[in-house]
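# Overview (structure and organization)
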Amino acid sequence: MRPGHAEVVGGGFGGLVAATALAERGWSVRVHERSGAIDAEGYGIAVQPNMNLIFRTLGIAEEVIAGGARIDRRDSLDGDGNVVLTRKTERSPYRIDRRHIIGFIARCAEEAGAEIALGSRIAEVSPDGAVTTVDGTRKEADLVVLADGAGSALRAPLDLLKHQIWQRDGGVRVTIPRTPDEIAEDAVSGTVMIEAWSDNRRVLYCPVNDAEFYVLLGSLVDDEAGKATPIDPEVWSRSFPALGPFLVRVPEEADWEEARWAQFQTVPLKRWWKGRVAVLGDAAHAMPPYLAQGAGHAMMNALGLAVALDEEPDLHSGFRAWERREWPLTEHTQRWTRIYGNTIFLPRLLKRVSIAAERAIPWIGRQYLHAAHVVPTGCAHLAGE
């Protein structure tokens, strides 16, 4: 279709990649970001092969990777600190702070010609192709991209929500400094991502750069002691005694002003568009973070939308082609993320069996990693390089 004007609501991974890809294909684009800065929450993200291909397409892969940490292996532990499963991370080794990545994508959007309006709060999105700001200003568009997160208030009037599945668990994510000894140990035994499961709780931590650990602490919705922030290291050390010295540091060294415990959710829609509005990112397909593919799907589907609109003769045929191509993979990841996350509910012995099954039954591991190793739409020219 002939490029027109797009209004993008949300300056996260999906919104900014959509803005960049549309602008590169001749659209005029304005991004509305409600906060006063393009500044994602400060925690880690796993850069899987599919995401790396998108960064290469945007021309920022080397800069993104340079600011992160290469992880040599992932160790899964039980509550006593015993290694149940260890895996090399050869095919998706990088863990990187989200703020570091989002800054480069925002630069790409602006260099492609997109305008980023900071502190721009949208009150309404209309299916006829318009956004209305909180001061009542209506901005017309040929395309509206709604990418304002899992809790989107703007999505409800579009009547696209199939159902909202609130998980029985959630978590808090923070970063803390690494000690000089921990940094030095990398040269001896390699960098390690630790994932431990015990007593319906989960601890994950790994470097996201030379100086910081990303830490995720997951617990059930009814676990009031596990949900408390700042965390109580005594409470968590009872579940993970071998991690006690590490857990003591978390309440002392994390920035608790920006950290909050959040319940995980899965959001499937009836479809991803209505009228002239396309919905993507967590607003369209939120999922728990267990397989580290939320941002990956947001970016893949954003790029896929721009490609579909470039290939098809009109907006609605573009939307339909986009859904047909991207929806099955997104649904697969949502389903297998929930399956993997159910490990937290299992008794201790079954936890060990479930974790070990990833190696004993390679098919299971392939389902977990399926999306990570797909070549995103728009990236086929890089797949063989």
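What this report covers is the structure whose coordinates are included nearby. Quick caveat, the model's predicted, so the values are computed rather than measured. (Residues numbered from 1 in each chain as written. Predicted model: local features only at pLDDT ≥ 70, side-chain atom pairs only at ≥ 80, totals over all residues. Heavy atoms only, no water.)

### Thoughts on the state of the cysteines
When the sulfur atoms of two cysteines share a covalent bond, that bond is a disulfide. Scanning all chains against the criterion turns up zero disulfides. C108 forms no disulfide, and the closest cysteine sulfur to it belongs to C379, at a distance of 13 Å. (Disulfide = S-S within 2.5 Å.)

### Thoughts on helix 12 (residues 348–360)
Between its first and last C-alpha, helix 12 extends 18 Å over 13 residues, near the 18 Å set by a 1.5 Å rise per residue. Buried within helix 12 are the following residues: K351, I355, A357 and E358. End-on view of helix 12: buried residues confined to an arc of 140°, all on one side of the axis. Opposite its buried face, helix 12 presents the exposed residues L349, R359 and A360, each directed more than 90 degrees away. Packed against the buried residues of helix 12 are strand 5 (73–77), strand 6 (83–88), strand 14 (192–198), helix 11 (315–341) and helix 13 (362–369). (Helix = DSSP H or I, 4+ residues; strand = E, 2+ residues; numbered from the N terminus. Expected span 1.5 Å × (residues − 1). Buried < 20%, exposed > 50% of the residue type's maximum accessible area, 1.4 Å probe, protein only. Arc of directions from axis to C-beta. Contact = heavy atoms within 4.5 Å.)

### Digging into the environment of D128
Along the polypeptide, D128 turns up in the loop between strand 9 (122–126) and strand 10 (130–133). Spatially, the C-alpha atom of D128 lies 8.9 Å from that of L143, the residues being 15 residues apart in sequence. Dropping the residues within four chain positions of it, D128 is found in contact with R138, A141 and R276. At 2.5 Å, the side chain of D128 forms a polar contact with the side chain of S126. (Polar contact = N/O pair within 3.5 Å; in protein donor to acceptor, adjacent residues only side chain to side chain.)

### Some details on unusual backbone geometry
Cis peptide bonds are those with omega within 30 degrees of zero, and the linkage from T229 to P230 qualifies with -10°. Position of P230 among the secondary structure elements: in the loop between helix 6 (224–227) and helix 7 (233–239). Here D159, not a glycine, exhibits a phi torsion of approximately 55°, which is positive. Mapping D159 onto the fold places it in the loop between strand 12 (143–146) and strand 13 (165–177). One non-glycine residue with positive phi stands out, namely A292, at about 55°. Along the chain, the position of A292 falls in the loop between helix 9 (282–285) and helix 10 (294–311).

### What to know about the sheet that holds strand 16 (residues 212–220)
Pairing is mixed in the open sheet, where seven strands are placed in the order 6-5-14-15-16-13-17. The two strands at the open ends of the sheet, each matched to only one other strand, are strand 6 and strand 17 (262–266). Adjacent strand axes in the sheet meet at a mean angle of 20° when their direction is disregarded. Relative to strand 15 (residues 201–207), strand 14 is paired through five bridges, and the arrangement is antiparallel. (Pairing = 2+ DSSP bridges. Axes fitted to C-alpha atoms, helices over the stretch in contact; angles between N-to-C directions.)

### Some points on the pairing of strand 2 (residues 28–33)
Of all six residues in strand 2, five are buried, a share of seventy percent or more. Where strand 1 (residues 5–9) and strand 2 come together, five bridges link them in parallel fashion. Residue A6 lies in a different strand from strand 2, and its bridge partner there is V29. The parallel pair strand 1 and strand 2 is bridged by helix 1 (residues 13–24), and the resulting crossover is right-handed. In the sheet, strand 2 pairs with strand 8 (residues 115–118) via four bridges, with the strands oriented parallel. When the sheet's bridge partners are listed, E33 is paired in strand 8 with L118. (Right-handed = clockwise from strand over helix to strand, strands pointing away.)

### Thoughts on the sheet that holds strand 11 (residues 138–140)
Sheet architecture is open: three strands sit in the order 9-10-11, paired in antiparallel fashion. Looking at which strands have only one partner, the edges of the open sheet turn out to be strand 9 and strand 11. Adjacent strand axes in the sheet meet at a mean angle of 20° when their direction is disregarded. By the bridge criterion, four bridges tie strand 9 to strand 10 in an arrangement that is antiparallel.

### Description of a nonpolar patch on the surface
A cluster of nonpolar side chains, namely L349, L350 and V353, defines an oily patch on the protein surface of about 300 Å² accessible area. Among the secondary structure elements, V353 is positioned in helix 12. (Patch = residues over 30% accessible without salt bridge, like charges linked within 9 Å, V, L, I, M, F, W, Y side chains within 5 Å. Areas by Shrake-Rupley, 256 points an atom, 1.4 Å probe, with all protein chains shown as cover. Salt bridge = Lys/Arg side-chain N within 4 Å of Asp/Glu carboxyl O.)

### Description of the packing of helix 11 against helix 13
Following both chains from N to C, one finds helix 11 and helix 13 inclined at 125°, their axes separated by 8 Å at the closest point. As judged from the angle between their axes, helix 11 and helix 13 are oblique. Contact residues: helix 11 offers H332, W336, I339 and Y340, while helix 13 offers W363, I364, Q367 and Y368. Its residues assigned to classes, the contact of helix 11 with helix 13 comprises six nonpolar, two polar and no charged. (Parallel < 35°, antiparallel > 145°, perpendicular 65-115°, else oblique. Nonpolar A, V, L, I, M, F, W, Y, C, P; charged D, E, K, R; others polar.)

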